[in-house]
Amino acid sequence: MTWNELLIDAVNRSQEACHKVLGGLTADQANERPRPGTNSITWLVWHIARQQDTQIAPLGGTPQVWTAQGWVEKFGLGLPPKSMGYGHTPDDVAKVVVDDTSLLTGYLDAAVAATKAYIASVADDRLDEVVDTRWDPPVTLGVRLVSIIDDAAQHAGQAAYVRGLLGF
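Along each chain, the written sequence defines residue order, and numbers are assigned to residues from 1. At least 70 in pLDDT is required for a residue's local features to be given in this predicted model, at least 80 for side-chain atom pairs to be given and counted, and no such filter applies to totals for whole chains, interfaces and linings, which use all residues. Hydrogens are left out, water is left out, and the side-chain values use all remaining heavy atoms of the structure.

Just to check I follow, could you spell out the environment of Arg-33 for this structure?
With respect to the helices, strands and loops of the structure, Arg-33 is situated in the loop between helix H2 (27–31) and helix H3 (41–60). Residues Arg-33 and Ala-94 lie 61 residues apart in sequence; the distance between their C-alpha atoms is 8.6 Å. Apart from the residues lying within four places of it in its own chain, the contact partners of Arg-33 are Thr-38, Asn-39, Ser-40, Pro-90, Val-93, Ala-94 and Leu-166. Whenever two N or O atoms come within 3.5 Å, that pair is a polar contact, provided that in protein one can donate a hydrogen and the other can accept it, and provided that, for residues adjacent in sequence, both atoms are side-chain atoms. Here Pro-90 takes part through its backbone oxygen, which lies 3.4 Å from a polar atom of the side chain of Arg-33. A run of H or I in DSSP counts as a helix once it spans at least four residues, and a run of E counts as a strand once it spans at least two, with each numbered from the N terminus. Note on contacts: a residue pair is in contact if any heavy atoms of the two residues lie within 4.5 Å.

When you look at a negative patch on the surface in this model, what are you seeing that I'm missing?
On the surface, Asp-28, Glu-32, Asp-99 and Asp-100 cluster together into a patch of negative charge. On the secondary structure map, Glu-32 appears in the loop between H2 and H3. Exposure above 30% relative accessible area and the absence of a salt bridge qualify a residue for a patch, where like charges join within 9 Å and nonpolar side chains (Val, Leu, Ile, Met, Phe, Trp, Tyr) within 5 Å. Computed by Shrake-Rupley with a 1.4 Å probe, the accessible areas treat only the displayed protein chains as cover when residues are assessed. A carboxyl oxygen of Asp or Glu within 4 Å of a side-chain nitrogen of Lys or Arg is what we treat as a salt bridge. The charged-residue count follows a simple rule in which Lys and Arg add positive charge and Asp and Glu add negative charge, with His and chain termini not counted at all. A single reference atom marks each charge: NZ on Lys, CZ on Arg, CG on Asp, CD on Glu.

Please clarify how the packing of H3 against helix H8 (residues 141–166) should be interpreted in this entry.
Two quantities define a packed helix pair, namely the angle between the axes and the distance from one axis to the other. Fitted lines through C-alpha atoms give the axes, limited to the stretch in contact for helices. The angle between two N-to-C directions lies from 0 to 180 degrees. Between H3 and H8, the least distance of the axes is 8 Å, while the angle of their chain directions is 170°. Here H3 lies roughly antiparallel to H8, going by the angle between them. When H3 is examined against H8, the residues Ile-41, Leu-44, His-47, Ile-48, Gln-51, Gln-52, Gln-55, Ile-56 and Leu-59 are found in contact with a partner set consisting of Leu-141, Arg-144, Leu-145, Ile-148, Asp-151, Ala-152, His-155, Ala-156, Gln-158, Ala-159, Val-162 and Arg-163. We call Asp, Glu, Lys and Arg charged. Ala, Val, Leu, Ile, Met, Phe, Trp, Tyr, Cys and Pro are nonpolar, and the rest, Gly among them, are polar. A breakdown of the residues in the contact of H3 with H8 according to their chemical character gives 12 nonpolar, six polar and three charged. Orientation categories follow fixed angle ranges, with anything under 35 degrees roughly parallel, anything over 145 roughly antiparallel, 65 to 115 roughly perpendicular, and all other angles oblique.

Help me understand the side chain of Ser-14 in this model?
Counting through the fold element by element, Ser-14 comes out in helix H1 (residues 3–22). Within the local environment of Ser-14, its side chain forms a polar contact with the backbone nitrogen of Ala-153, the two atoms lying 3.3 Å apart. When residues no more than four places from it in sequence are discounted, the contact partners of Ser-14 are Ile-149, Ala-152, Ala-153 and Ala-156.

I'm lost on the pattern of salt bridges in this one. Help?
Between side chains of opposite charge, a pair can form as their charged atoms come close. Taken as a whole and judged by the stated rule, the model has five salt bridges. Between Asp-9 and Arg-13 there is a salt bridge, and its shortest N-O distance comes to 2.9 Å. With a gap of four residues between them, Asp-9 and Arg-13 both fall in helix H1, about one helical turn apart. Arg-126 serves as the salt-bridge partner of Glu-129, at 2.9 Å between the closest nitrogen and oxygen. For the exposure calls, accessible area comes from a 1.4 Å probe over protein chains only, and a residue counts as buried if that area is under 20% of its type's maximum, exposed if over 50%, partly exposed in between. The exposure class assigned to Glu-129 is partly exposed, which follows from its relative accessible area of 34%. Among the ionic contacts, a cluster of salt bridges with common partners joins Asp-132, Arg-134 and Arg-144.

What should I look at first to understand the nonpolar core in this one?
As a rule of thumb, nonpolar side chains are buried together in soluble globular proteins. For the purposes of this section, nonpolar cores are sets of buried Ala, Val, Leu, Ile, Met, Phe, Trp, Tyr and Cys residues that join through side-chain atoms within 4.5 Å. Ranked by internal contacts, the top residues of the largest apolar core, which has 48 residues, are Ile-41, Trp-46, Trp-66, Phe-75, Tyr-107 and Leu-145. Every element with two or more residues in this core is listed here: H1, H2, H3, helix H4 (65–68), helix H5 (71–75), helix H7 (101–121) and H8. If near-sequence neighbours (up to four positions away) are discounted, Ile-41 is found in contact with Val-21, Leu-22, Leu-25, Ala-30, Glu-32, Ala-159, Val-162 and Arg-163.

Hey, could you run me through the environment of Ile-41 in this one?
Secondary-structure assignment places Ile-41 in helix H3. Distance from Ile-41 to Ala-156, taken between C-alpha atoms, is 8.9 Å for residues 115 residues apart in sequence.

Here it is in C-alpha cells:
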C-alpha cells in the first residue's frame, strides 16, 4: 500500500461513517440540534465536506466543488459562499439545514471525490513542501493532509454521537 492509498482509505472511512449516520434519518432529524447552541448532524456533515473542499481546492489549483458544481445554490443557506463553518456562531449553525439528506451526501461525495483525486495525484517528494507559512512551524503538505483527514474523522464521530444523543 502506498501512502496515497493509505490516506485515501482514511478519507473513505469518514465518508462511510457519515453515510451510516445519515442512513434512515429524515431531514428534520438530521437538522435537529441536541440543545440550543450545539451542532446538528447536518452541520457536522456539511462542515466535513466544506473543510475538505476549502483546503483541497487551493492545494490542487482547482475551484471548490461548492461553487464550481453549484452546491452553494443547491443548499441556499444564506451564508457567504466562502463560509465553511470555522468561526460559525450558533445563528450561523442554525442556517445549515437541508430539506433532503441526499443533498448532504451528494455534496460530501463530490468533495470527497475531489479530495481523493488530489491525494492520488501527489508525488512522494511533495509531502515536505511548505503550504502555509502562517504557523510556527510552517505547515507542510503532508501535515495539512493529515489535518484535513483528522478533522473529518473527529466530526464524523461527533455526528454519530449526536445521532445517539437524539435517540435516532
